[in-house]
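Results of the structural survey
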Amino acid sequence: MIKSDKLEKICLKYNAAFCKDEVLAPYTTFKIGGTCDIFIKINSRECLRDIVLCCKNGNIPCRVIGRGSNILIGDEGVKGAVLLLGGDFAAVSTDSKDNVIFCDAGASLTSLCLAARDNSLTGLEFAYGIPGSVGGAVYMNAGAYDGEISQVIRSCEYLDADGSIKKLNCFNNPEFSHRKSPFTCKPTAAISSKKIILSAEFALTLGKQAQINAKMEEFMKRRKDKQPLEFPSAGSTFKRPGGDYASRLVDICGLKGLSVGGAQVSKKHAGFIINKGNATCKDVLELIEIVRARVLRETGINLEREVEILK
């Protein structure tokens, strides 16, 4: 039994939402997953710091999630505390003089892209339509259509394990690469209490609002035309292998439409595994392993899973 009295008192102090045995599936884009022992909606840096330190001192497992767009929650749920960054922890502000946008980690990528467009700032069009948070995007160096977060991020602030707030220079940082960042050097760093991204600063370029909007709408149209957005999923299931595309490899192996329980390799885009409505975490993981084994056997390429597992 996890003692939650101290955590509940901290939440009362900061007026943060606190509950027990919360079902986590609605907080993910996959719509899969069991409950967590403790669920807290973080509304300030101070609240986050005190909660994280309390968990550390009480040996309570602590995980942080944003918009849940790249995670798969275990069917048995998550032990310990799950902290949600969003809502009141999602401010976006712009410095038009320096063409810079500042975002809390819980802000959505969509709100960031719209702020850039509304201030005639170009460089983030590629991210429009990616259903993630700013913190998650920095953590995994999210990207699409030849663009990546590492190309536009200038710095970020994060909460270290000792409760101190630190700033990281991200401009030309060599630790950023395809779906990797300084925060992925250790497994699940962005979803543990070791280093939690608090905010990010993006340096953009002045452009023409009409052209920026047209480019954003074009990328959104491509997504709607090619991706199975009508079904719950976690986006791309596998990382892009060097010199190829995971979706192409899955497709040539004849795996489109393959199902395990309620999980299916999308018939529309082979890089997505979708939840047809009643999929379990077990279904998805079993299907992932079937796909990886088939692709490895037929092409010699070992696909690396992109989706993070929380359990």
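Anything mentioned here points back to the structure above.
This is a predicted model, so every value here is computed, not measured. (Residues numbered from 1 in each chain as written. Predicted model: local features only at pLDDT ≥ 70, side-chain atom pairs only at ≥ 80, totals over all residues. Heavy atoms only, no water.)

Examining the overall build of the chain
Within the chain one finds seven helices and 19 strands. Whereas a compact globule of 311 residues would reach a radius of gyration of roughly 19 Å, the chain reaches 20 Å, a difference of no more than 12%. Across its three principal directions, the C-alpha atoms of the chain cover 55 × 55 × 30 Å. Relative to its full complement of 311 residues, the chain shows a buried share of 51%. Across the chain, every contact between residues at least 6 apart in sequence was considered, and the portion connecting residues at least 24 apart equals 66%. Counting every atom, the chain has about 14500 Å² of accessible surface; 49% of that belongs to carbon and sulfur. Computed over 43 positive and 35 negative side-chain charges, the inter-centroid distance for the chain is 2 Å. (Helix = DSSP H or I, 4+ residues; strand = E, 2+ residues; numbered from the N terminus. Rg over C-alpha atoms; globule rule 2.2 N^0.38 Å. Buried < 20%, exposed > 50% of the residue type's maximum accessible area, 1.4 Å probe, protein only. Contact = heavy atoms within 4.5 Å. Areas by Shrake-Rupley, 256 points an atom, 1.4 Å probe, with all protein chains shown as cover. Lys, Arg positive; Asp, Glu negative; His and termini not counted. Charge placed at Lys NZ, Arg CZ, Asp CG, Glu CD.)

So, the nonpolar core
Generally speaking, nonpolar side chains in soluble globular proteins are found buried as a group. One finds I51, L83, L124, I149 and F202 to be the most contacted residues of the largest nonpolar core, which totals 63 residues. Among the elements that take part in this core, helix 2 (residues 45–57) stands out by supplying six residues, more than any other. Every residue in contact with L83, bar those within four places of it in the chain, is listed here: I40, I42, L48, I51, V52, C62, R63, V64 and I65. Judged by nonpolar contacts, the second largest core, of 25 residues, contains F30, I32, A234 and I288. (Core = buried A, V, L, I, M, F, W, Y, C linked by side-chain atoms within 4.5 Å.)

Examining helix 7 (residues 281–299)
If you check helix 7, its first and last C-alpha atoms are 27 Å apart, about what 19 residues at 1.5 Å a residue would give, namely 27 Å. Considered for burial, the residues of helix 7 that qualify are C281, D283, V284, L287, I288, V291 and V295. Projection of helix 7 onto a plane perpendicular to its axis shows the buried side chains occupying an angular sector of 155°, all on one side. Every exposed residue of helix 7 that faces more than 90 degrees away from the buried side is listed here: K282 and R297. Check the buried side of helix 7 and you find it contacts strand 4 (71–73), helix 6 (246–252), strand 16 (259–260), strand 17 (263–265) and strand 18 (272–275). (Expected span 1.5 Å × (residues − 1). Arc of directions from axis to C-beta.)

Focus on helix 3 (residues 109–118)
Three or more residues of helix 3 are buried, namely L109, L112, C113, A115, A116 and R117. In this fold, the buried residues of helix 3 make contact with strand 6 (92–95), strand 7 (100–104), strand 8 (121–122), helix 4 (134–140), strand 13 (196–203) and helix 5 (209–226).

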